[in-house]
Amino acid sequence: MTASAIRLTARGIGHAYRDLVVLEGIDLDAAPGEVTVLVGPSGCGKSTLLGILGGLLAPTQGEVRLDGELAPDCLNSVTTVFQDASLLPWRSVAKNVSLVLEDSPLPRAERAARVAEVLAQTGLADFAGAWPRQLSGGMRQRLGIARALAVRPAVLLMDEPLSALDAQSRALLLDDFAALIAGAGVTCVYVTHHLAEAVRLGHTIVVLSRRPGRIRAVLRIDRPIEGRHAEEPALVAMQARLWALIRDDAARAEREIADV
Amino acid sequence: MSRLDGPVAFRARGFAARDIPAASVATLVGLVLLWQAAASLGWMSTTFLSDPAAIGRGLWQLARSGELWANLSVSLQRLAIGWTVGTMAGLAVGLAIGLFTVARSPGMAVVAALFPIPKIALVPLFIIWFGIGEGSKLVTLGFGVFFPTIINTVAGIDGVPRALIRMGQAFNLPWRSIVLKIVLPGALPSILAGFRITTSTAIILLVAAEMIGAEKGIGAFVLQAGNLYDIDNLLAGLVVLSLLGLAVSWGLGRLERALLAWR
């Protein structure tokens, strides 16, 4: 698959829920085909920002733009993978994927082929006929990403997709996700509060401050994400740097009441 | 301080009522047998409450003479038309209230004002408006079904997780697909639960309307039998109503199992 040539740019993003300012003056550049990770203390507006980037939330200030040449097989320029996978419980695994293709102009056979392809990529081929309730948490998240990949998005937004999982599933899925994101060559913005995920997946790591969320630091890891290992010394050191940046804010956020 | 020396006693008993299907059949059969025994052994007078055998004979004769079907078919037809029309209208209005701000507050205000009126109290008005014939009965039935259907449809739509709708929007699904593939299936359990309420409401209103002004129909038949002190036939009519209710409930159970297999 060819890498996405779409760049996502956010300029001067600010957001407030009534009087409560959650985001202020955010400028963000997600480079084509790279993973940009957003980290920050709880309640810093990471998910709000992701919603704004995906067009699911109207910012009170600023603008989000996509620039670049869209690949011909792309059905939806920007797509979100949700924390809870947001599966339709009344549709089988395969039908949850085909849901997002049914309104496309793709011929029937092509749709079926795409469904089969993404289920195979995510290791769900044997569960095509299963109901979502029969899946484990990890399988649900894999289905969530399979569904997103089926539309061949140019920009993939991921909202803490692993945070609802236990530590073991999370570790296993993290490697799977890294391979899937790299394989799809998609421009990705990934929100997490797990710093190990951030250093494992990110080319760019954007650290947000506590509410109102502002950009506090931007770190780069100029290495392909395939072959990275969260336990290798350089990445562990990077995690420590990130934690040093977040720690005080996180401790303070912990003592605040989230009145959002 | 007190010393402990012994096993931890099991304390999680109870609060786990189970279904035993055989027990439900056995209970009904047992009650009928007891009733029959009480009548046969002379423990109770059959002047005011016929015994099951007499009711069975009455039912058999009604079935053979065609009188049962003549009344039942009229009632079933009213039930089918009135319920279907009321349900369709209720679904349409419920959908509008559930989806559109412009319909929501006005719609709910009207529902809140009209829903509490016992529909049976409207029969005299409907007779004036629509005549003593089929019209008033169908309108009574349809009206009685209409409001609970609205309420259950709106509750069902409101209960569809917001996250699922956002998912549809994240994938840029057209409005029509979000309604047909996310909102309606999500509301279906509540809508089907509403069918249980509206079918029984419909049977109640059917019988009541037939008692007020009808020549045929199970309600009219029961009323007539009462006027004639024909306890056998009166009870036979009640048995038919009970069977009708059971049949409808069984059918809805099948429908739920077929449509909600994913649960």
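As a reminder, the structure under discussion sits directly above these lines.
Residues numbered from 1 in each chain as written. Chains lettered and ligands numbered in written order. Predicted model: local features only at pLDDT ≥ 70, side-chain atom pairs only at ≥ 80, totals over all residues. Heavy atoms only, no water.

## With respect to the sheet that holds strand β5 (residues 78-81) of chain A
Residues and elements named next belong to chain A. Put simply, the test is: For two strands to pair, DSSP has to find at least two bridges joining them. Counting from the N terminus, the helices are the DSSP runs of H or I reaching at least four residues and the strands are the DSSP runs of E reaching at least two. Axis definition: a line fitted to C-alpha atoms, over the contacting stretch in the case of helices. Angles run 0 to 180 degrees between N-to-C directions.
Taken together, six strands build an open sheet; the order of strands is β5-β6-β7-β3-β8-β9 and the sheet is mixed. Edge positions in the sheet fall to β5 and β9 (215-220), since each has one partner strand and no second. With strand direction ignored, the average angle separating the axes of adjacent strands in the sheet is 15°. Direction of pairing for strand β3 (residues 35-39) relative to strand β7 (residues 187-191): parallel, over a ladder of four bridges. If you follow Thr 36 over to β7, its bridge partner there is Val 189.

## Quick notes on the sheet that holds strand β2 (residues 20-30) of chain A
Residues and elements named next belong to chain A. To keep things clear, this is the line we draw: Any pair of residues with heavy atoms lying within 4.5 Å of one another is described as a contacting pair.
The strand order across the open sheet formed by three strands is β2-β1-β4, and the pairing between neighbours is antiparallel. With one partner strand each, in any of the chains shown, β2 and β4 (61-67) form the two edges of the open sheet. Each neighbouring strand pair of the sheet contributes to a mean axis angle of 15°, computed without reference to strand direction. Bridge analysis of strand β1 (residues 7-17) against β2 gives seven bridges, and the strand direction is antiparallel. Its bridge partner being in β2, Ala 16 is matched across the sheet by Val 21. Along the sheet, helix α1 (residues 46-53) makes contact with β1, β2 and β4, crossing β1 at roughly 125°.

## Quick word on helix α4 (residues 101-114) of chain B
Residue and element names in this part refer to chain B. Put simply, the rule reads: For a helix, the expected span equals 1.5 Å multiplied by the number of residues minus one. Relative accessible area decides the class of each residue, using a 1.4 Å probe on protein chains only: under 20% of the type maximum gives buried, over 50% gives exposed, and in between gives partly exposed.
Taking 1.5 Å as the rise per residue, α4 with 14 residues should run 20 Å; its terminal C-alpha atoms sit 20 Å apart, in good agreement. By the burial criterion, the buried members of α4 are Ala 103, Gly 107 and Val 111. Residues of α4 that are buried in the fold lie against α3 (67-99) and α6 (134-158).

## Looking at the nonpolar core
Condition: Put simply, buried Ala, Val, Leu, Ile, Met, Phe, Trp, Tyr and Cys residues joined by side-chain atoms within 4.5 Å make one nonpolar core.
Counting residues in each nonpolar core, the largest one holds 99 residues, and the members touching the most others are A:Val39, A:Met158, A:Ile205 and A:Leu242. Per-element accounting of this core gives the leading share, 11 residues, to helix α8 (residues 175-212) of chain B. Of all hydrophobic cores here, the second largest spans 22 residues; its members include A:Leu8, A:Ile26, A:Leu38 and A:Val191.

## Considering the pattern of salt bridges
Spelled out, the test is: Definition used for salt bridges: Asp or Glu carboxyl oxygen within 4 Å of a side-chain nitrogen of Lys or Arg.
Applying the stated criterion across every chain yields a total of 19 salt bridges over all chains. For A:Arg220, the salt bridge identified is with A:Asp222, shortest N-O distance 2.6 Å.

## What to know about the interface of chain A and chain B
This is how it is decided: Here the quantity called buried area is the accessible surface, traced with a 1.4 Å probe, that two parts lose on coming together, added over both. Here a polar contact is recorded for every N or O atom pair within 3.5 Å, except that within protein the pair must consist of a potential hydrogen donor and a potential acceptor, and residues adjacent in sequence are included only if both atoms are side-chain atoms. In this count, Pro and Cys sit with the nonpolar residues alongside Ala, Val, Leu, Ile, Met, Phe, Trp and Tyr, while Asp, Glu, Lys and Arg are called charged and the others, Gly among them, polar.
Each partner contributes to the interface: chain A provides 23 residues, whereas chain B provides 19 residues. A buried area of about 1800 Å², summed over both sides, lies between chain A and chain B, and 66% of it is on carbon and sulfur atoms. Where chain A touches chain B, the interface holds three salt bridges. A:Asp103 is the salt-bridge partner of B:Arg176, the closest N and O atoms lying 4.0 Å from each other. The interface formed by chain A and chain B holds eight residue pairs in polar contact (both at pLDDT 80 or more) in total. Elements represented by at least two residues in the side of chain A that touches chain B include exactly β5 and α4 (137-150) of chain A. No other element matches β5(A), which puts three residues into the side of chain A that touches chain B. Grouping the amino acids of the side of chain A that touches chain B by side-chain chemistry returns 13 nonpolar, four polar and six charged.

## So, the environment of B:Pro52
Residue and element names in this part refer to chain B. Counting through the fold element by element, Pro 52 comes out in helix α2 (residues 52-65). Residue classification places Pro 52 among the buried positions, given a relative accessible area of 16%. Along the sequence, Pro 52 and Ala 236 sit 184 residues apart, while their C-alpha atoms lie 9.4 Å from each other. If we skip the residues at most four places from it in the chain, Pro 52 touches Val 32, Trp 35 and Gln 36.

## Observations regarding the side chain of A:Thr79
Mapped onto the fold, A:Thr79 is located in strand β5. Owing to a relative accessible area of 0%, A:Thr79 belongs among the buried residues under this scheme. If near-sequence neighbours (up to four positions away) are discounted, A:Thr79 is found in contact with A:Ala148, A:Val151, A:Pro153, A:Val155, A:Leu156, A:Leu157, B:Ala170 and B:Phe171.

## Focus: the side chain of B:Lys119
Residue and element names in this part refer to chain B. Mapped onto the elements, Lys 119 comes out in the loop between α4 and α5 (123-130). Within polar-contact distance, the side chain of Lys 119 engages the backbone oxygen of Phe 115 at 2.9 Å. Those residues in contact with Lys 119 that lie beyond four places of it in its chain are Leu 114, Thr 140, Phe 143, Gly 144, Phe 147 and Leu 205.

By themselves these figures say nothing about function.
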